[in-house]
Each structure stands twice: as C-alpha cells, then as structure tokens.
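# Chain and residue survey
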Amino acid sequence: MSVDKAFREMVRNEIELQLKPLRDLVSRLEAGTADLDRLRTVAEQLAPLAGAVGPLFGVSAGSRGSPAPARRGPGRPARAAPAPVAASGGKKRGRKPSSEGGARECAIKGCGKPSRTKGYCAAHYQKLRMLEKTNRRPNNWVDYAEPNSVEDIKLPRGRAAAKALAEAKNAG
Ligand SMILES: [Zn+2]
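Because the structure is a prediction, the values reported are computed rather than measured.

Criteria and cut-off values
- Residues numbered from 1 in each chain as written.
- Predicted model: local features only at pLDDT ≥ 70, side-chain atom pairs only at ≥ 80, totals over all residues.
- Heavy atoms only, no water.
- Salt bridge = Lys/Arg side-chain N within 4 Å of Asp/Glu carboxyl O.
- Helix = DSSP H or I, 4+ residues; strand = E, 2+ residues; numbered from the N terminus.
- Buried < 20%, exposed > 50% of the residue type's maximum accessible area, 1.4 Å probe, protein only.
- Core = buried A, V, L, I, M, F, W, Y, C linked by side-chain atoms within 4.5 Å.
- Contact = heavy atoms within 4.5 Å.
- Donors = N, O, S within 2.8 Å, 3.2 Å for Na, K, Ca; no water.
- Tetrahedral: all angles 85-135°; square planar, octahedral: opposite > 155°, others 65-115°.
- Phe/Tyr/Trp six-rings, centres within 6.5 Å; stacked < 30°, edge-to-face > 60°.

### Description of the pattern of salt bridges
Between side chains of opposite charge, a pair can form as their charged atoms come close. For the coordinates displayed, the defined rule picks out seven salt bridges. Of the charged contacts, one joins aspartate 4 and arginine 8 as a salt bridge, the two residues approaching to 3.2 Å between their closest N and O atoms. In this pair, aspartate 4 and arginine 8 both sit in helix α1 (residues 3–31), four residues apart, roughly one turn of the helix. According to the relative accessible area criterion, aspartate 4 is partly exposed, its value standing at 46%. Ionic pairing is found between glutamate 9 and arginine 12, a salt bridge with its closest N-O pair at 3.7 Å.

Structure follows, in structure tokens:
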C-alpha cells in the first residue's frame, strides 16, 4: 500500500475525467462537426490540469507561464534599409561611350529625336543600316555625325526604288 500510489490513481481518474471532453472533441473533429470555441474551451480546461499534474509525472510545466515570444505591434513591418538603387552610368550597350550624357539628338537634320545608336535615333539608324546594306549609304551619313548635321535623304518609292536599288547594286 502506498499513499503515493493512491494519489496517482486519483490523479489518473481525474485526468480521465478531464480528458473526456477532449476525446469527445477529437471524435467531433473527425466527424467534422467541431467548432473552434469548443476547442478553446477544452484547451483552457486542460491547461491548469497540465500545470498541476505535469510535475507528478516528471513533465515540466514550463510551457505555462513562460513568456510568450515578443510580438510586433500592429502597423507596417519594420524594414531593413532599402537596397541601394543600381548606380547609373554603367556600360550601355549600343551607345557611344562618351561624356555627352545621352541627351544628344539624332544626327539627321530636323529629326530632333534622341540619338540611340552611333549618333542616330532608332528610326534613322535603321534607315542607315538599310542604306548601307543596299550600297546606298551617303558619304555624310557617318557614324557619330554631329547632332542635327546630316541631311536626310528621300528614298525613291515604287518603280524608282527598284531602279535605284539596281543601280546601287551595279555600282557596288
Ligand atoms: Zn532621327
């Protein structure tokens, strides 16, 4: 006989009693009919029990009363300093490496668009490439010509265009 044993028996019965709602809840969870309020109630019922009987069975009751992890208050999350914006001034593909700052205008007179490649705007550089390909590039259409300095040329259209192309081909 042992007082200790009797006490443990009593505690075990008490636990059984206390656990019954939990068992009921588990079966209801399995049946999908449980609600969160019920779950909270059971948890509240079990919390002091765990604290009381835990030490008897060598279980640390440390989970009770231990400080909750610090929570941030409401509001915007504290952010680390924003990453520095990528510095401009890096190498830019297709542009004249220069001190001109990119504000330069197209080399073609009266165009006025910003130059993009070799001193010409996108459209005029395309035209330059086409003229070069068809052996009709004017001598003054040089790379990196001064802004607004090169006379545009009017390309022939239709039959005249075909003729001009043929002549250019023969000339080349
Ligand atoms: Zn242009």
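On we go.
### Topic: the nonpolar core
Listed in full, the eleven residues of the largest apolar core are Cys106, Ala107, Ile108, Tyr120, Cys121, Tyr125, Leu128, Leu131, Trp141, Ala145 and Val150. With near-sequence residues (within four places) excluded, alanine 145 lies in contact with Arg104, Ala107, Lys118, Tyr120 and Val150.

### Looking at the coordination of the zinc ion
Looking at the zinc ion, the protein donor atoms are Cys106 (SG), Cys111 (SG), Cys121 (SG) and His124 (ND1), and they sit 1.9 to 2.3 Å from it. Given four donor atoms and angles of 105 to 113° at the metal, the environment of the zinc ion is assigned as tetrahedral. Read in sequence order, the donor residues for the zinc ion give the motif C-x4-C-x9-C-x2-H. Look at cysteine 106 and you get buried, because its relative accessible area is 0%.

### As for the packing of aromatic side chains
Considering all chains together, one arrives at one aromatic pair under this definition. Centre to centre, the rings of tyrosine 120 and tryptophan 141 are 5.8 Å apart; their planes meet at 20°, and the pair counts as stacked. Here tryptophan 141 lies in the loop between α3 (122–133) and α4 (158–171) and tyrosine 120 lies in the loop between α2 (36–53) and α3, a separation of 21 residues in the sequence. By relative accessible area, tyrosine 120 is classed as buried at 0%.

### Some thoughts on the side chain of histidine 124
Secondary-structure assignment places histidine 124 in helix α3. With a relative accessible area of 12%, histidine 124 lands in the buried category. The contacts of histidine 124, once residues within four sequence positions are left out, are Cys106, Ile108, Cys111, Trp141 and Asp152.

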